[in-house]
Amino acid sequence: MKNRREFLKLTALTGGALLTQSACMPGETETSEDPGNQGNVSTAIQPIVISTWNHGIEANNAAWKVLSNGGNALDAVEQGVRVTESDPTNPSVGLGGAPDREGKVTLDACIMDHKNRCGAVAFLEHIENPISVARKVMEETEHVMLVGEGAFQFALEKGFEKTNLLTENSKKAWLNWLETSKYKPVINIENHDTIGLLAMDVEGNLSGACTTSGMAYKLRGRVGDSPIIGAGLFVDNEVGAACATGVGEAVIRIAGSAIVVELMRQGKSPQEACKEAVDRIIKKHDNVDNLQVGFIALNKQGEIGSYSVYSGFNFALKTENTEELTDAPYFIKHEESGD
Ligand code: SD4
């Protein structure tokens, strides 16, 4: 649609206006109708990356390398979260992730692009970068999700290497847990470091990725929201994208990320949509003790939003002019949880 114009307002809803600019629809060059603006004005969509938690900073930087070179959002989200997956010090994602209660590291991941194509792996062992296996499922099979041994065999066939994901540190922590066996989820510290990353590229296309080792010391075979399209992640290129972190069971119960996107479709801002999804989780649970869930969202206008049940959830944002970590707005102050 030539000559269609809109103002892209990139607003960090928790941090004020980031930048405001006139922009065309993806790929368009337009003639300005603004009398103060003479002649043809060539404008471009500003790429943007948003991701969950502190480790999002490094992941965003890797994603930004792709976007700033004109790369697409799908490559950006994959490259971004691979950094977190390969970081042995992160106890919730990929290498070094906390094992299940039998001492086995099992990984969940999914990826979705601007054409609603998606791929996922769940209960996958011995592979450092499950997000790339998920992408292969998306691009090289007729399926959306592979799990367990089948996912592992598929990964080997595609040339991924078998890797020991249980680091000395995570093994020690697990052995300690076995001895004390007093495990319960701890808000914002344990179980809550999944990376979900959303990106918009110069074409204005959206993609997302989500990857985790899931809940520490989970029952063997347990799969959370992170690899489930519509729960841990959802992208609709007409509307926006969202992803979740926290207690996956609660996110699945409300089809969290899909709901956030649908609320944006109905006209809610990304922040309003994230808040309403959190409100719904709170309403549907009799007891939200230790039930942390956080959402982040990005719409087609480049606006972002976030919201969490408890304080302490943060997200990383990267644009051409910004690199920042922001505390998400929340429903309950953490101290009040009685922890
Ligand atoms: C899960 N949602 O497996 C994941 C855990 C998580 O931040 O998000 N941690 O339930």
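Residues numbered from 1 in each chain as written. Predicted model: local features only at pLDDT ≥ 70, side-chain atom pairs only at ≥ 80, totals over all residues. Heavy atoms only, no water.

> Describe the overall build of the protein, listing the residues and the values that go with them.
When helices and strands are tallied, the protein shows eight helices and 17 strands. In the protein, which comprises 339 residues, the share counted as buried stands at 58%. Taking all contacts inside the protein whose residues are at least 6 apart in sequence as the whole, residues at least 24 apart take part in 63%. Here the protein has roughly 14100 Å² of accessible surface; of this, 48% comes from carbon and sulfur atoms. (Helix = DSSP H or I, 4+ residues; strand = E, 2+ residues; numbered from the N terminus. Buried < 20%, exposed > 50% of the residue type's maximum accessible area, 1.4 Å probe, protein only. Contact = heavy atoms within 4.5 Å. Areas by Shrake-Rupley, 256 points an atom, 1.4 Å probe, with all protein chains shown as cover.)

> Mind laying out the confidence of the model for the protein, listing which residues take part and the relevant values?
Detail in the predicted coordinates should be disregarded across regions flagged by low pLDDT. Averaged over all residues, the pLDDT of the protein is 86; the fraction at 70 or higher stands at 82%. Per-residue pLDDT stays below 50 along residues 1-42; that stretch engages in 89 contacts with residues further than four places along the chain or on separate chains. (pLDDT = per-residue confidence, 0-100.)

> Residues and numbers for the state of the cysteines, please.
Going through the model one piece at a time under the given rule, you end up with zero disulfides. The cysteine C210 is free of any disulfide, with C110 supplying the nearest cysteine sulfur at 5.4 Å. We note that C243 lacks a disulfide partner, and the nearest cysteine sulfur, in C210, lies 5.9 Å from it. Note on C243: relative accessible area 0%, which makes it buried. (Disulfide = S-S within 2.5 Å.)

> Tell me about the pattern of salt bridges, and please be specific about residues and values.
Scanning the model with the defined rule gives 18 salt bridges in all. Taking the shortest distance from any N to any O, the salt bridge between D75 and R135 comes out at 2.6 Å. One end of the pair, D75, is in helix α2 (residues 73-85); the other, R135, is in helix α3 (residues 130-140), and 60 residues separate them in sequence. Where E249 meets R222, a salt bridge forms, and the shortest distance between an N and an O atom there is 2.8 Å. Linking E249 in helix α6 (residues 248-253) with R222 in the loop between β10 (206-212) and β11 (233-236), this pair joins segments that are 27 residues apart in sequence. (Salt bridge = Lys/Arg side-chain N within 4 Å of Asp/Glu carboxyl O.)

> Describe the sheet that holds β11, listing the residues and the values that go with them.
An order of β11-β12-β13-β14-β17 is seen for the five strands of this open sheet, with the pairing classed as mixed. The open sheet terminates on both sides in strands that have one partner only, identified here as β11 and β17 (330-332). Taking the axes of each pair of neighbouring strands and ignoring which way they run, one obtains an average angle of 10 degrees across the sheet. By the bridge criterion, four bridges tie β11 to strand β12 (residues 240-246) in an arrangement that is antiparallel. (Pairing = 2+ DSSP bridges. Axes fitted to C-alpha atoms, helices over the stretch in contact; angles between N-to-C directions.)

> How would you summarise the side chain of N90 if you had to cite specific residues and measurements?
Along the chain, the position of N90 falls in the loop between α2 and β6 (107-112). Residue N90 is classed as buried on the basis of its relative accessible area of 5%. In terms of polar contacts, N90 uses its side chain to reach the backbone amide nitrogen of S92, at 2.8 Å. If we skip the residues at most four places from it in the chain, N90 touches H55, T84, L95, G96, G97 and D193. (Polar contact = N/O pair within 3.5 Å; in protein donor to acceptor, adjacent residues only side chain to side chain.)

> Describe in detail helix α7 (residues 256-265), supporting the description with residues and values.
Because an α-helix completes one turn every 3.6 residues, residues spaced three or four positions apart along the sequence face the same direction. Burial of α7 is extensive: eight of the 10 residues sit out of reach of the surface. Trailing α7 by a residue or two, G267 shows a phi angle of about 110 degrees, which is positive.

> Explain the side chain of S308 residue by residue, including any values.
If you trace the backbone, S308 turns up in strand β14 (residues 304-310). Take S308: its relative accessible area is 0%, and that puts it in the buried class. At 2.8 Å, the side chain of S308 and the backbone oxygen of Y310 are in polar contact. Each residue touching S308, except ones within four places of it in the same chain, is listed here: V278, Q292, V293, G294, F313, A328, P329, Y330 and F331.

> Now, about the packing of helix α1 (residues 56-68) against α2: what can you tell me, with residues and values included?
Contact pair α1 / α2: the axes reach a minimum separation of 7 Å and the direction vectors enclose 150 degrees. Considering their axes alone, α1 and α2 lie roughly antiparallel with respect to each other. The interaxial crossing formed by α1 with α2 has right-handed handedness. Together, E58, A59, A62, A63, V66 and L67 of α1 and A73, D75, A76, Q79, G80, V83 and T84 of α2 make up the contact between the two elements. Residue composition of the contact of α1 with α2, grouped by class: eight nonpolar, three polar and two charged. (Parallel < 35°, antiparallel > 145°, perpendicular 65-115°, else oblique. Left-handed = near helix turned anticlockwise from the far one by under 90°. Nonpolar A, V, L, I, M, F, W, Y, C, P; charged D, E, K, R; others polar.)

> An account of the packing of aromatic side chains is requested, with residue identities and associated values reported.
Within the structure shown, the criterion is met by two aromatic pairs. Over the face of the ring belonging to W64 we find K318, whose NZ or CZ atom lies 5.2 Å from the ring centre. (Phe/Tyr/Trp six-rings, centres within 6.5 Å; stacked < 30°, edge-to-face > 60°. Lys NZ or Arg CZ within 6 Å of the ring centre and 35° of its normal.)

> How would you explain the pairing of β11 if you had to name every residue and give the values?
Both faces of β11 are covered, namely the face carrying L233 and V235 and the face carrying F234 and D236. Hairpin connection of β11 to β12: three residues between the antiparallel strands.

> Quick one: what's the story with the sheet that holds strand β15 (residues 314-318), residue by residue and with numbers?
One open sheet accounts for eight strands, arranged β8-β7-β6-β10-β9-β5-β15-β16; its pairing is mixed. Strand pairing shows two members of the sheet lacking a second neighbour, β8 (145-147) and β16 (323-327), which therefore form its edges. For this sheet, the mean inter-axis angle between neighbouring strands, taken without regard to orientation, is 10 degrees. When strand β7 (residues 118-124) meets β8, the two strands line up parallel, connected through three bridges. Across the sheet, residue A120 finds its bridge partner in β8, namely M145. Contacts between α3 and the sheet are confined to β6, β7, β8 and β10, with β7 contributing the most and set at about 130 degrees to the helix.

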